[in-house]
Amino acid sequence: MKLQAALDTLTLEKCEELLEKAGNSIDIAEVGTPFILKEGMVPVQALKKRFPDILVLADTKIMDAGEYEAEGCFKRGADIVTVLGVSYDETIEGVVKAAKKYGKQVMVDMIGVKDLAKRSEEVDQMGVDYICVHTAFDIQETGQQDPLEDLKIVNQVIKNAKSAVAGGVKLQTLDAIVQEGAEIIVVGGAICNAEDPSNMAKAMKERMI
Ligand SMILES: O=C([C@H](O)CO)[C@H](O)[C@H](O)COP(=O)(O)O
């Protein structure tokens, strides 16, 4: 079970400080979508160079030119890229093609997917590595989506890919997710906004088996 720290709001300097202090607990450093929108691929390149042993995920949320866009990320050091589950099959297949070319990995972000079971079954046939249920930041407070329930749906239908979960995961909600099982647990705000981010990352990783 891997801990993925979603780096959405910290400066590159703060991200490096976090990985320096808690790198043993963080399996995957996610350069989050807001970070990429602000800085492009610069943090992906910088983190990969400084922490070659930590997997770097570029949270690009690709949904248009799959192969072309993914290739640009892999060339710049990303180990994993994200593509949206609501994309056309051709886009997801293009990302998979690029990943195979570079020996890298693909995470499909199921944010906004209406029929999670059906789409997960479809995506599971496309050679992707991870299928990630994701409660969008903008609906986390509404209570209309439960990451744990979504994870159960995906775990029931996948045969090839591994599951991942993202969106509002906190120390208090971690144990139930760990019990259900997911290959990757993505945590953003609960780590980055903690009083001591490195201690929080360590505490969360300790609870993951
Ligand atoms: O992908 C993310 C979000 O859409 C911002 O782009 C986050 O990295 C992901 O949701 C995890 O963050 P938290 O919800 O803060 O744990």
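This structure is a prediction, so every number in the text was calculated from the model and none was measured.

Asker: I'm lost on the nonpolar core in this one. Help?
Answerer: One broad trend across soluble globular proteins is that nonpolar side chains are buried collectively. By size, the foremost hydrophobic cluster in this structure holds 64 residues, and its most contacted members are Val108 and Cys132. Considering every element that reaches this core, the biggest residue donor is helix 5 (residues 89-102), with five residues. Here Cys132 is in contact with Met107, Val108, Asp109, Met110, Ala164, Val165, Ala166 and Val186, once residues within four sequence places are set aside.

Asker: Which parts of the structure should I look at to understand helix 1 (residues 12-22)?
Answerer: The periodicity of an α-helix, 3.6 residues per turn, causes residues three or four places apart in sequence to face the same way. Taken together, the buried positions of helix 1 are occupied by Cys15, Leu18, Leu19 and Ala22. All buried residues of helix 1 fall inside an arc of 95° around its axis, so they share one side. Along helix 1, exposed side chains directed more than 90 degrees from the buried face belong to Glu13 and Glu20. Here the buried face of helix 1 lies against strand 1 (2-7), strand 2 (28-31), helix 3 (42-50) and helix 10 (197-206).

Asker: I tried to follow the site of the ligand on my own but got confused; where do I start?
Answerer: Around the ligand, the structure places 17 residues, and the nearest of them are Ala6, Gly32, Thr33, Gly188 and Gly189. Elements represented by at least two residues in the shell around the ligand include exactly helix 2 (33-39), strand 8 (184-187) and helix 9 (189-192). Of the residues assigned to the shell around the ligand, the class counts are eight nonpolar, six polar and three charged.

Asker: Sorry if this is basic, but what is going on with the sheet that holds strand 6 (residues 130-134) here?
Answerer: Within a sheet, adjacent strands bond to each other through the backbone by hydrogen bonds, running parallel or antiparallel. With respect to topology, eight strands assemble into a closed barrel ordered 1-2-3-4-5-6-7-8, the strand pairing being parallel. If you compare each strand with its neighbour and ignore which way they point, the axes differ by 25° on average. Bridging between strand 7 (residues 162-166) and strand 8 involves two bridges; their strand directions are parallel. Within strand 8, the position partnered with Ala164 by the bridge is Ile184.

Asker: Teacher, can you tell me more about the pairing of strand 1 here?
Answerer: On any regular strand, side chains alternate: one points to one face of the sheet, the next to the other face. Strand 1 sits mainly inside the fold: five of its six residues count as buried. Both strand 1 and strand 2 contribute to a ladder of four bridges, which runs parallel. Pairing of Ala6 across the sheet is with Glu30, part of strand 2. As a crossover connection, the stretch from strand 1 through helix 1 into strand 2 is right-handed.

Asker: So what exactly am I meant to see when it comes to the UniProt feature "domain: Orotidine 5'-phosphate decarboxylase" (unreviewed entry) in the protein here?
Answerer: The sites that UniProt annotates as "domain: Orotidine 5'-phosphate decarboxylase" (unreviewed entry) are residues 2-204. Its end C-alpha atoms 11 Å apart, residues 2-204 is made of 46% helix and 21% strand.

Asker: Looking at this model, I keep getting lost on the environment of Glu93. Mind explaining?
Answerer: For Glu93, the position within the fold is in helix 5. For Glu93, a count of 17 C-beta atoms within 10 Å corresponds to the partly exposed category. C-alpha of Glu93 to C-alpha of Thr60: the two residues are 33 residues apart in sequence and 16 Å apart in space.

Asker: Looking at this structure, I do not really get the packing of helix 6 (residues 116-124) against helix 7 (residues 147-157). What am I missing?
Answerer: To characterise two packed helices, one gives the angle between the axes of the helices and the distance between these axes. Put simply, helix 6 and helix 7 touch, their axes get as near as 9 Å, and they point 45° apart. Accordingly, the angle class assigned to the pair helix 6 and helix 7 is oblique. In this structure, helix 6 crosses over helix 7, and the sense of that crossing is right-handed. Of helix 7, the residues touching helix 6 (which contributes Leu116, Ala117, Ser120, Glu121 and Asp124) are Asp150, Ile153, Val154 and Val157.

Cut-offs applied
- Residues numbered from 1 in each chain as written.
- Predicted model: local features only at pLDDT ≥ 70, side-chain atom pairs only at ≥ 80, totals over all residues.
- Core = buried A, V, L, I, M, F, W, Y, C linked by C-beta atoms within 7 Å.
- Buried ≥ 20, exposed ≤ 12 C-beta atoms within 10 Å, placed from the backbone.
- Helix = DSSP H or I, 4+ residues; strand = E, 2+ residues; numbered from the N terminus.
- Contact = placed C-beta atoms within 7 Å.
- Arc of directions from axis to C-beta.
- Near = placed C-beta within 6 Å.
- Nonpolar A, V, L, I, M, F, W, Y, C, P; charged D, E, K, R; others polar.
- Pairing = 2+ DSSP bridges.
- Axes fitted to C-alpha atoms, helices over the stretch in contact; angles between N-to-C directions.
- Right-handed = clockwise from strand over helix to strand, strands pointing away.
- UniProt positions renumbered as here; feature names shortened; annotations may be inferred.
- Parallel < 35°, antiparallel > 145°, perpendicular 65-115°, else oblique.
- Left-handed = near helix turned anticlockwise from the far one by under 90°.

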